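Residues per chain are reported as follows:
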Amino acid sequence: MTETEWVSSTDPLLMLESLGGTGRLSDRKARLFAVACCRSIWGLFADERSRQAVEVAERYADGAATAQELDHACEAVRVVAFDARWDIARQAAWGTCWRCLWSEFGEEADGGAVIASTNAAWEARRRRSAEEDEYLAQAALLRCLFGPRPGVSIGVEPRWRTPAALGLARAIYEERRWEDTPVLADTLEDAGCTNAEVLDHCRKPGPHARGCFVIDTLLGKS
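Quick caveat: nothing in here was measured; it's all calculated off a predicted structure. (Residues numbered from 1 in each chain as written. Predicted model: local features only at pLDDT ≥ 70, side-chain atom pairs only at ≥ 80, totals over all residues. Heavy atoms only, no water.)

Q: Explain the layout of surface pockets here, please?
A: Gaps left between atoms are located by rolling a probe of water-molecule size over the structure's atoms. Space inside the largest pocket adds up to approximately 300 Å³. Every residue lining the largest pocket is counted, 15 residues in all, and those nearest its centre are Arg143, Cys144, Pro148, His201 and Lys204. Elements with a contribution of two residues or more to the lining of the largest pocket: helix H8 (131-146) and helix H11 (196-203). Looking at side-chain class alone, the lining of the largest pocket contains seven nonpolar, four polar and four charged residues. In terms of lining residues, the second largest pocket is bounded by Gly23, Arg24, Ser26, Lys29, Phe146, Ser153, Ile154, Phe213, Asp216, Thr217, Lys221 and Ser222. Of all the elements, helix H12 (residues 213-219) adds the most residues to the lining of the second largest pocket, at three residues. (1 Å grid on protein atoms, 1.4 Å probe; cavity = no way out; pocket = protein on both sides within 12 Å on 5 of 7 lines; lining within 4 Å. Points joined across faces, edges and corners; volume = space filled by probe spheres on them. Helix = DSSP H or I, 4+ residues; strand = E, 2+ residues; numbered from the N terminus. Nonpolar A, V, L, I, M, F, W, Y, C, P; charged D, E, K, R; others polar.)

As structure tokens, this is what we get:
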């Protein structure tokens, strides 16, 4: 997939496939994308155990939860699935988060993300008649996580990493303060950043998610 195709793509499954050859689809990034797909239909998780499981998967992606915690979350979701076995819609919502709970994505990192994104879109279609809209949002999420040029890492100059910029980036990441990304752009600009890709992404309304390529690069995450 060329850069032009990536920027204009509305097919997240094709985009995930194209990432396979870039070396940038890490276990963490794939899992965070799967989690973001779950959060896109957050209101459909009627059982709190499903939400808690997604939160565990998200913490696990960042090394803040153990494999044992992830296994326990898996078991809890199994019970949710059994309780929902006669409700196809709830089964689909459950299936959205199921794959991101495996302790190892391994070489199937994109497989887990594909399952989550497909199920999220299917569930959105059932509830909102908006499968196409969901895929559009997922494509935008992939550009948030991997940037406008997925095969190229942005270079962050040391002078951009001021205490103010790093503190704000960390707060946005940890507290999901996505509404503050335009403020981060201003802070980076004050520190001498002139990278249009970085500044434009921060000033766009979103969607944004954990794994955002700008914040990840500032905080040294991959």
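Moving on from the model shown.
Q: Whenever I open this one, the nonpolar core confuses me. Can you help?
A: Membership of the largest hydrophobic core comes to 54 residues, with the highest contact counts inside it found for Leu142, Leu184, Leu188, Val214 and Ile215. The biggest single contributor to this core is helix H3 (residues 27-40), with seven residues. When near neighbours in sequence (up to four residues on either side) are disregarded, Leu142 contacts Trp6, Pro12, Met15, Leu16, Leu19, Phe33 and Gly147. (Core = buried A, V, L, I, M, F, W, Y, C linked by side-chain atoms within 4.5 Å. Buried < 20%, exposed > 50% of the residue type's maximum accessible area, 1.4 Å probe, protein only. Contact = heavy atoms within 4.5 Å.)

Q: Could you clarify how one ought to interpret H3 in this entry?
A: Each α-helix turn comprises 3.6 residues. Residues three or four places apart therefore point the same way. Taking 1.5 Å as the rise per residue, H3 with 14 residues should run 20 Å; its terminal C-alpha atoms sit 20 Å apart, in good agreement. By the criterion of burial, H3 is predominantly enclosed, with eleven of the 14 residues buried. Those residues of H3 that sit buried are Arg28, Lys29, Ala30, Arg31, Leu32, Phe33, Ala34, Val35, Ala36, Cys37 and Cys38. (Expected span 1.5 Å × (residues − 1).)

Q: What is the right way to read the environment of Arg159 from this model?
A: Tracing the backbone through its elements, the reader meets Arg159 in the loop between H8 and helix H9 (163-175). With relative accessibility at 47%, the residue Arg159 sits in the partly exposed group. Residues Arg159 and Cys193, 34 residues apart in the sequence, show an inter-C-alpha distance of 8.4 Å. Dropping the residues within four chain positions of it, Arg159 is found in contact with Ala191 and Gly192. A distance of 2.6 Å separates a polar atom in the side chain of Arg159 from a polar atom in the side chain of Glu157. Among the polar contacts made by the side chain of Arg159, one reaches the main-chain carbonyl oxygen of Gly192 at a distance of 3.3 Å. (Polar contact = N/O pair within 3.5 Å; in protein donor to acceptor, adjacent residues only side chain to side chain.)

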